[in-house]
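Coordinate inspection notes
Each chain, letter by letter, is given below.
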Amino acid sequence: MEIRDLPFGVTDWSEIEQTKHAGEQGAAYWRTRTFGKIRVRMVEYSGGYLADHWCAKGHILLCLEGELHTELEDGRCFVLKPGSSYQVADNAELHRSSTEHGAKLFVVD
């Protein structure tokens, strides 16, 4: 990733409008900023969340709160807890997320 034409700035995430995205179960609540081709999000998953699709988008994701389960289409599963992260390229490995009790994430894609 190359970041260009982006002046220094500060984001107060509490001031960014939240949008709701329904999962197969539960919901994800996004606060989103876009800087050119880079999307940056603060995402909160409700308890019982299960994604409604297999995602092919690349991400760098940091777990801030809770516990996130990420399943790859090939059956591998990973658990993120606060302070852990994952990274995956576009169209590299299909993945989907779930959480039993909820999670808060910082995502760059």
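Residues numbered from 1 in each chain as written. Predicted model: local features only at pLDDT ≥ 70, side-chain atom pairs only at ≥ 80, totals over all residues. Heavy atoms only, no water.

Another aspect to go through is the pattern of salt bridges. Taken as a whole and assessed by the stated rule, the structure comprises six salt bridges. Residues D109 and R39 are paired through a salt bridge, measuring 2.7 Å at the closest nitrogen-oxygen approach. Residue D109 is found in the segment after β10 (103-108), and its partner R39 is found in strand β3 (residues 38-45); the two are separated by 70 residues along the sequence. Given the relative accessible area of 11%, D109 is considered buried. Residue R39 is classed as partly exposed on the basis of its relative accessible area of 24%. In this structure, E71 engages R96 in a salt bridge whose closest nitrogen and oxygen atoms are separated by 3.1 Å. (Salt bridge = Lys/Arg side-chain N within 4 Å of Asp/Glu carboxyl O. Helix = DSSP H or I, 4+ residues; strand = E, 2+ residues; numbered from the N terminus. Buried < 20%, exposed > 50% of the residue type's maximum accessible area, 1.4 Å probe, protein only.)

All right, on to the sheet that holds strand β7 (residues 77-80) then. One open sheet holds the four strands; their spatial order is β4-β9-β6-β7, and the pairing between them is antiparallel. A strand with exactly one partner marks an edge of an open sheet, and here the two such strands are β4 (49-50) and β7. Relative to strand β9 (residues 95-99), strand β6 (residues 68-72) runs antiparallel, the two being bridged by four bridges. Residue pairing in the sheet places L72 in a bridge with H95 of β9. (Pairing = 2+ DSSP bridges.)

For T99, the position within the fold is in strand β9. Side-chain polar atoms of T99 contact the backbone oxygen of E67, separated by 2.7 Å. If sequence neighbours within four positions are ignored, T99 has contacts with Y45, S46, G47, G48, Y49 and E67. (Polar contact = N/O pair within 3.5 Å; in protein donor to acceptor, adjacent residues only side chain to side chain. Contact = heavy atoms within 4.5 Å.)

This structure, assessed with the given rule, holds two aromatic pairs. A centroid spacing of 4.3 Å and a plane angle of 25° characterise the contact between Y45 and Y49, whose relative ring orientation is stacked. For Y49, a relative accessible area of 7% translates into the label buried. Here the basic side chain of R41 rests over the ring of W30, its NZ or CZ set 4.3 Å away from the ring centre. (Phe/Tyr/Trp six-rings, centres within 6.5 Å; stacked < 30°, edge-to-face > 60°. Lys NZ or Arg CZ within 6 Å of the ring centre and 35° of its normal.)

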